[in-house]
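Chains, contacts and geometry: an overview
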Amino acid sequence: MDENRHERESVKDELADLLQAQTVPEDRGSAPIAIIGAGSVGTQLAQTIASKGHNTVLVEINRDLLDDVKTTLDEGMNKEIRRWGMTESEKRAITARITIEHSLEAITNSQFILEAIPESLELKQKLYLELDKSAAPDAILITNTSILSLTEIASVLPRARQQRMAGLHFLRPVPHVPMVEIVRGLKTSDDTFDKVKAFARSIDKTPVEDFEYPGYVTTRIILPFLNETMHVLMEGVASAEDIDTAMRLGFNLPTGPLSMADQFGLDEVLHRLEVLFHELGDLKYRPCPILKKYVRAGRLGVKTGRGFFDYSVEQGTES
């Protein structure tokens, strides 16, 4: 019996090595791609970029969160393995390409620096002033924002830096969404834009070119959809479960709108609606009262275990 088990494990290891050789890209050997901010988007970006052969440095300034960053990365890839979306060999190769640091000194050699911190103009501008001191003169600075003005974020930088800054809006889950919005600021140079587009393609993302405007394409369209769905729920037209079932099956969506909002985080949905309502003044962006009610109650969706659905069990059930 022991001999049979040893033989099975040997075959399993050989198969894993074969899969790795076929699916894991070779190390590109270039300067590391830097990611600032190791939250949900930052960690998913690190996994995605490293999986395409790029060495990656993930910077989290808060030392207290460093252990959490490693755990989040590990859990995310383990989840992929359980879904047969990744092998153990691929996980080892990806992990080997990711370095986690707590200081901006780690980005001095990076050609591309992606910022993925919270959607706050003040926080982002403060960070970019620090990046101006730490980044190489020819480094390209990239902000991941869905609602803020790229030009306004870059306004605190010298003109040369503004020309070498662009926006990339990644949608979650980053490893599985095959597109990314590329945003050109008023002073973004053609050379910078072309290099950012080439980088997006190097990580197997289809680039969609956006002109700077509040909400760009994806956020501006999806938020009224989610907001109207919440009004349908609040008005008692149908239950949360039936609303999601109707939209998911009726329009062949991978997930229902209320489940989608829970995954985004209801606090983030509320914040983005408020920003667009302020910027555009259109009533379709005025947040639904039930959304405000849930956020005030701490029901923020998947991350707190309860939103429109209850996630304290394996599958979300109506709450």
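Details of the structure are given in the entry above.
Residues numbered from 1 in each chain as written. Predicted model: local features only at pLDDT ≥ 70, side-chain atom pairs only at ≥ 80, totals over all residues. Heavy atoms only, no water.

Things to note about the overall build of the protein
We count it as follows: Numbering goes from the N terminus for both helices and strands, where a helix is a DSSP run of H or I of at least four residues and a strand is a run of E of at least two. Note on classification: 1.4 Å probe, protein chains only; a residue is buried when its accessible area is under 20% of the maximum for its type, exposed when over 50%, partly exposed between these limits. The contact criterion used is simple: two residues touch if any of their non-hydrogen atoms lie within 4.5 Å. The protein chains shown are the only cover counted for residues, whose accessible areas, like all others here, come from Shrake-Rupley with a 1.4 Å probe.
What the protein contains, in helices and strands, is 13 helices and 10 strands. Looking at the protein as a whole, 46% of its 319 residues are labelled buried. In the protein, of all internal contacts separated by at least 6 residues, the share reaching a separation of at least 24 is 68%. For the protein, the exposed area adds up to about 16,800 Å²; of that, 52% sits on carbon and sulfur atoms.

A closer look at unusual backbone geometry
Going from Arg172 to Pro173, the amide bond is cis rather than trans, its omega being -5°. As for its placement among the helices and strands, Pro173 is situated in the loop between β6 (165–170) and β7 (179–184). Although it is not a glycine, Tyr216 sits at a positive phi angle of roughly 50°. Tracing the chain through its elements places Tyr216 in the loop between β8 (206–211) and α9 (218–234). Since its relative accessible area comes to 7%, Tyr216 is described here as buried. You will see that Asn252, though not glycine, has its phi angle at about 55°, which is positive. Assignment of secondary structure puts Asn252 in the loop between α10 (240–250) and α11 (257–264).

Brief notes about the pairing of β7
Within a regular strand, the side chains alternate between the two sheet faces. Counted only if it meets this: Strands are treated as partners if at least two bridges between them are detected by DSSP. Seen with its strands pointing away from the viewer, a crossover is right-handed when the path leading from the first strand over the helix to the second is clockwise.
Among the 6 residues of β7, 5 are classified as buried, and the element is accordingly described as predominantly covered. In terms of strand pairing, β7 meets β8 through 6 bridges, oriented parallel. Residue Ile182 lies in a different strand from β8, and its bridge partner there is Glu209. Following the backbone out of β7, through helix α8 (residues 190–202) and into the adjacent parallel β8, one traces a crossover that is right-handed.

Comments concerning the pattern of salt bridges
Filter applied, for reference: Between Lys or Arg on one side and Asp or Glu on the other, a salt bridge is scored when a side-chain nitrogen of the former is within 4 Å of a carboxyl oxygen of the latter.
Overall, the coordinates contain 13 salt bridges when judged by the stated rule. As a salt-bridge pair, Lys52 and Asp204 come within 3.2 Å of each other at their nearest N and O atoms. Taken together, the residues Lys52 in the loop between α2 (40–51) and β2 (56–59) and Asp204 in the loop between α8 and β8 connect sequence positions 152 residues apart. A relative accessible area of 23% places Lys52 in the partly exposed class. As a salt-bridge pair, Lys303 and Glu268 come within 3.7 Å of each other at their nearest N and O atoms. Residue Lys303 is found in the loop between α13 (289–296) and β9 (309–310), and its partner Glu268 is found in helix α12 (residues 266–280); the two are separated by 35 residues along the sequence. Since its relative accessible area comes to 49%, Lys303 is described here as partly exposed.

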